[in-house]
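# Topology and contacts: notes
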Amino acid sequence: MNGRELQFAREVYAGEAIDQAVKTWSRFADFALRETDDHWIVAIATKPEYQAHARRIVGEFANAVLGLTVDRGGAS
C-alpha cells in the first residue's frame, strides 16, 4: 500500500476511535491497520480520484481520530 503511515499512541488514543474514523473516511482512502505494544498504526492510501487532496485527507483523518477519542473520554 503506497501512501502515508500514522502512529497513534495507545496511551492517548482510543482504538475504537480509529476504527470509527476509518469507516467514515473509507470513501476517500484505503486503510491498513496494525498495532504494536505502544501504538495503533494506520497506513493510508488515498484513492486515485482524491489524490489532489491526499495531504488534507490524512490531516483530517488524524483530526477525526483525536476528536473521536476526546468524545469517548480518552484512551481507556
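Okay, so let's go over this structure. Treat the numbers as computed from the prediction; the structure is a model and nothing was measured.

To continue, consider helix α2 (residues 54–72). The end-to-end C-alpha distance of α2, which contains 19 residues, comes to 27 Å, matching closely the 27 Å that a straight helix rising 1.5 Å per residue would cover. Ile 57, Val 58, Phe 61, Ala 64, Val 65, Leu 68 and Thr 69 are the residues of α2 that are buried. Take α2 and look down its axis: the buried residues cluster within an arc of 130°, on one side only. Of the exposed residues in α2, those oriented more than 90 degrees away from the buried face are Arg 55, Arg 56, Val 70 and Asp 71. Where α2 is buried, its residues contact β1 (4–9), α1 (15–25), β2 (29–35) and β3 (39–46).

How two helices pack is summed up by the angle between their axes together with the distance between the axes. Running from amino to carboxyl end, α1 crosses α2 at an angle of 135°, the nearest separation of the two axes being 8 Å. In terms of their interaxial angle, α1 and α2 are classed as oblique. Seen from above, α1 lies across α2 with right-handed handedness. Between α1 and α2, the contacting residues are Glu 16, Ala 17, Ile 18, Gln 20, Ala 21, Val 22 and Trp 25 on the first element and Ile 57, Glu 60, Phe 61, Ala 64, Val 65, Leu 68, Thr 69 and Arg 72 on the second.

Taken in spatial order, the 3 strands make up an open sheet running β1-β3-β2, and their pairing is antiparallel. The open sheet is flanked by β1 and β2, the only strands paired with a single partner. Mean inter-strand twist for the sheet, computed between neighbouring axes without regard to direction, equals 20°. Note: β2 against β3, 7 bridges, orientation antiparallel. Within β3, the position partnered with Ala 29 by the bridge is Thr 46. Strands in contact with α1 are β1, β2 and β3; relative to β2, the strand with the most contacts, it is inclined by about 165°. Those strands touched by α2 are β1, β2 and β3, and its axis lies near 15° from that of β1.

So, on to the nonpolar core. The tendency in soluble globular proteins is for nonpolar side chains to be buried as a group. Grouped together as the largest cluster of nonpolar side chains are 21 residues, with contacts concentrated most on Phe 8, Trp 25, Phe 31, Val 42, Ile 44, Phe 61 and Val 65. Secondary structure elements with two or more residues in this core: β1, α1, β2, β3 and α2. By residue number, the principal contributor to this core is α2, which donates 6 residues. Excluding residues within four positions of it along the chain, Val 65 makes contact with Phe 8, Tyr 13, Ala 17, Ile 18 and Ala 21.

Parameters at a glance
By convention here, each chain's residues receive numbers from 1 onward along its written sequence. Owing to the predicted nature of the model, reporting of local features is limited to residues with pLDDT of at least 70; listing and counting of side-chain atom pairs is limited to 80 or more, with chain, interface and lining totals taken over all residues. For the side-chain quantities, the full set of heavy atoms in the structure was used; hydrogens and water were omitted. Runs of E in the DSSP output that reach at least two residues are strands. Runs of H or I that reach at least four are helices, and both are numbered from the N terminus. To estimate the expected span of a helix, subtract one from its residue number and multiply by 1.5 Å. Throughout this description, buried means an accessible area under 20% of the type-specific maximum (1.4 Å probe, protein chains only), exposed means over 50%, and partly exposed covers the range between. It is the directions from the helix axis to the C-beta atoms that the arc portrays. Residue contacts follow a heavy-atom distance rule, with two residues in contact if any of their heavy atoms lie within 4.5 Å. Here an axis means a line fitted to C-alpha atoms, over the contact stretch when the element is a helix, while the angle between two N-to-C directions is reported on a 0 to 180 degree scale. Oblique is the label for any angle not covered by the other classes, which are roughly parallel (under 35 degrees), roughly antiparallel (over 145) and roughly perpendicular (65 to 115). Note on convention: the crossing is left-handed when the near helix lies turned anticlockwise from the far helix by less than a right angle, right-handed when the turn is clockwise. Strand pairing is defined by DSSP finding a minimum of two bridges between the two strands. Residues belong to a common nonpolar core when they are buried Ala, Val, Leu, Ile, Met, Phe, Trp, Tyr or Cys residues joined through side-chain atoms within 4.5 Å.

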